[in-house]
Amino acid sequence: SEELLVRARVAGAKAEDGPPEPSICVGSVVKALAEEKKSYGMLFAMSDGWTGFCPTNLLGADVKAGTHYKVAVLAVDRVRDLMTLTMDPVTVAALEVFKGKTAAMTKAVAKVQTADSVKAVVQAVGEERVALTLPDFGGVVALASAVDFNLRGQHSAARFKVGQELKAVVVDKLHGTVLVACGWDLGQDSKRKGKDSDDKKEDTKGMGKELKDIFSKFGGGIESEAEAPPGTTLKVVVTGLLPNFLAVRLGHSVQGHIAISDVVNISAISKLKSSPLAEYKKGQVVEARVIGVSTYSNKKNKHVERVVDLSARPEDLALKKGVVPPARHTFDTMSPGDVVPGIIEEVRKDCLWVHISSGLKGRVYMLDTSGELEVVKNLSANFKVGQGVLVRVIKTDKEHGRLDLSLRHSGAKAATETPAKKAKLAKAKAPSTDFEVGTIVPVKIIKPVAGMAYVVQLSSNVVGRVHICDVSDTSVDAPLALHKPGDVLNGYIESMETDNVYVSLRPSRTGETGGKKSTKDGQAQEDAVTMPEVRSLGDITSGQLLSGYVKSTNAAGCFVQLGRTVTARVVISELSDRFIKDVKGAYPPGKLVTGRILDIDNKKSQISMSLKRTVVLAKKRVLFTDVAIDQIVRGTVKSVQSFGVFVRLRNSDLSGLCHISEVSEEFVKDLAKQYSVGDAVKAKVLRKDETKKTISLGMKDVYFEGVEDVEESEDDESDEEGEGAAMRGPRGEDEDDMADSDEESGGGGSGEEGEEDAEEESEEEEDEEEAVYRKSLAALSHLKSSVLRLEELHVAGTARISEIEAAIELESKEES
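So, here's what we can say about the structure.

The next thing to look at is the nonpolar core. If you look at the biggest cluster of nonpolar residues, it comprises 28 residues, and the most contacted ones within it are Phe44, Met46, Val63, Met83, Leu85 and Met87. If you list the elements that add at least two residues to this core, you get strand E1 (29-38), strand E2 (41-45), strand E4 (68-77), strand E5 (82-86), helix H2 (89-96) and strand E8 (140-145). In terms of residues, this core owes the most to one element, E4, which gives seven residues. If we skip the residues at most four places from it in the chain, Met87 touches Phe44, Cys54, Leu58, Leu59, Gly60, Val63, Tyr69, Lys70, Val71 and Val92. Counting residues in hydrophobic clusters, the runner-up holds 25 residues, among them Val248, Val263, Leu277 and Ala288.

Here it is, written out as structure tokens:
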């Protein structure tokens, strides 16, 4: 591919789009300018405008940007316009004798012959290639592919190490660079000692005579693949052992292979505890039956290579003569829902690679391996290479060569799947059979989302959401800081909708230790701390104290999330007892707040809530529906009129009218002399007008004879609770508010003189914002007074009209 790119640049009209062909060749030793240091290496500026890169493990000591250093060129990547460099003193010294592209280097390269078996030392490891030197040829640089079809799925870094010695075979020579391959033993360390290691290494030179001797014992093998059509049974010789294949020869010039899944019966695959290839060795004669022929395109020499596929399964060998074994699985034959046996060929931290057949393997993502959290978090301790498994197909992507598999529920589905059900699963956005509402499954945190909480992964192709109210059983100030991306933990499936799967991370749901289940009738302060689950309006009551998270804020107030589907509205007058200049800044989305439920409208599915400290610390708010006829209530005088007294009920925004005729058994001429605004009074509810929402009260002593004053004892308890609550304060309140409360009550001072000094000093330091605040309070107070006055005039007018109507009716009766 690089050769084609070079030709295109030379012949194309847009050669100026990329840098010119480098004047520095592979194996050259030059001086380069260190430009920028990265965590993984150093970038160099080369003399001809190219960029060089030296990995960290090949850098010299104390390399600093802006300084020139002597480097050796190991590889030139014409696709990425990048040179791979080394500062290793041994390599640099060995290559420096050639002085670049000279007759000495050309002569050394000429000594390297195609098909020679040579000793190579790894110098640098990349994603696609490996740079090596050939010490027996003066350190000539060679390149090998880091990608091998038969070892796909294995990362190059796991097979090659810098300094590793390999036995390589020269494939070609291109532009002064030697191209090598290590055959079946690519990536195996030749320094390893032991009988097993010697058996598994393929000796190209020595195997020829050995093969001849072996084949002579049973007829000499075959000369071409035409002699072994599918269904033929013959003897083959093992020439190489790979993790997932046996390399075999059917004759001197006919190659074949036996996949790991083709050496045992299909029913025994899922029961394997270790690799069945461990029973074979190099030079062993094996009886096998021909399945077919596979073709592979060799990109280096553009040749098409043909390899005979064979089976050594006992059940295939027992077939009648000429019968072809059943076809193996391919992408075309796999469908979502299919259950097939496989063999684990690699165990990674986040997935398993499973061998299905000679031309097919798939990936089992960590979340698809088990429903047990401990298994998912530690795959290496629970799965081994060579282990047999039953896998279920989740998704096939032939275009990208991707096959997603699952180990969960595979046994049960093997017997219950039907073609109709498979088709339904294939079209489904998320396989419903994998998950059920109410189950606990391992999930992986993908990312936090402000206002929502987390996006989580349930499997390789199913993503869910965690609502901010379903993160913890307790009120948490920063729920998004509890978990970070990549964390794997248990989650409880709350609901499965058309496009979304909602998951709860509450310990009480997932069964983790420390989880608390909240009770609907628990104490108010306890509810605020334990963060009870709110799923509907039926889970809350008026006057209840609850914690939630701000969903959104505007000039009219804010909305608070009490549960995933339940939101309360807080109007701006119920946000705080103080003036708030920046409402959006004070109540950003995701902020934890504690408030009291004021009202619940079931018809409109609306909830009113207050965050005011005086409301939160107070006893349960009394609503119009809570007031009953004949109930004894307490309150304070709101205003005094000639026709009666207006009373504001305690712990409520409600007011009632006690007509002058209901104030006392005796005639009262002037109410203003007997009552003043703010006086504490006790009254009895006489009437309620549901339409006009008005309450009529009576304060005659006769109304309280023989009636136990239950509310007075409750008030005493409420005072004690209020005092304790004031000491604790609601969640999110500043301690300065409590200090202000203490100053207003006259406590905490160090003497009258000190208090006066503090007040004078506070008045002097009052800033412009406080002045604006006071003006706003004054305006608000004036507005409230006006509204109250209008309300009183309305009630007074109504009462006067009633008196006139009664007088007219009385006069009419007298006249008649």
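Now that the structure has been shown, we can carry on.
Let us now look at the pairing of strand E18 (residues 360-365). Counting buried residues in E18 gives five out of six residues, a clear majority hidden from the surface. When strand E17 (residues 351-357) meets E18, the two strands line up antiparallel, connected through six bridges. Bridging from a neighbouring strand, Leu352 pairs with Val364 of E18. Hairpin connection between E17 and E18: a loop of two residues separates the two successive antiparallel strands. As judged from the two bridges shared by E18 and strand E20 (residues 402-406), these two strands associate in the parallel manner. Among the inter-strand pairings, Val364 is bridged to a residue of E20, identified as Leu405.

Attention shifts here to the side chain of Lys444. If you trace the backbone, Lys444 turns up in strand E21 (residues 440-449). In this structure Lys444 is buried but unpaired, with Asp350 as the nearest side chain of opposite charge at 5.6 Å. Among residues more than four places away in sequence, those in contact with Lys444 are Tyr365, Met366, Leu367, Val455, Val456, Gln457, Gly486, Asp487 and Val488.

What counts and how
- Residues numbered from 1 in each chain as written.
- Predicted model: local features only at pLDDT ≥ 70, side-chain atom pairs only at ≥ 80, totals over all residues.
- Heavy atoms only, no water.
- Core = buried A, V, L, I, M, F, W, Y, C linked by side-chain atoms within 4.5 Å.
- Buried < 20%, exposed > 50% of the residue type's maximum accessible area, 1.4 Å probe, protein only.
- Helix = DSSP H or I, 4+ residues; strand = E, 2+ residues; numbered from the N terminus.
- Contact = heavy atoms within 4.5 Å.
- Pairing = 2+ DSSP bridges.
- Lys, Arg positive; Asp, Glu negative; His and termini not counted.
- Salt bridge = Lys/Arg side-chain N within 4 Å of Asp/Glu carboxyl O.

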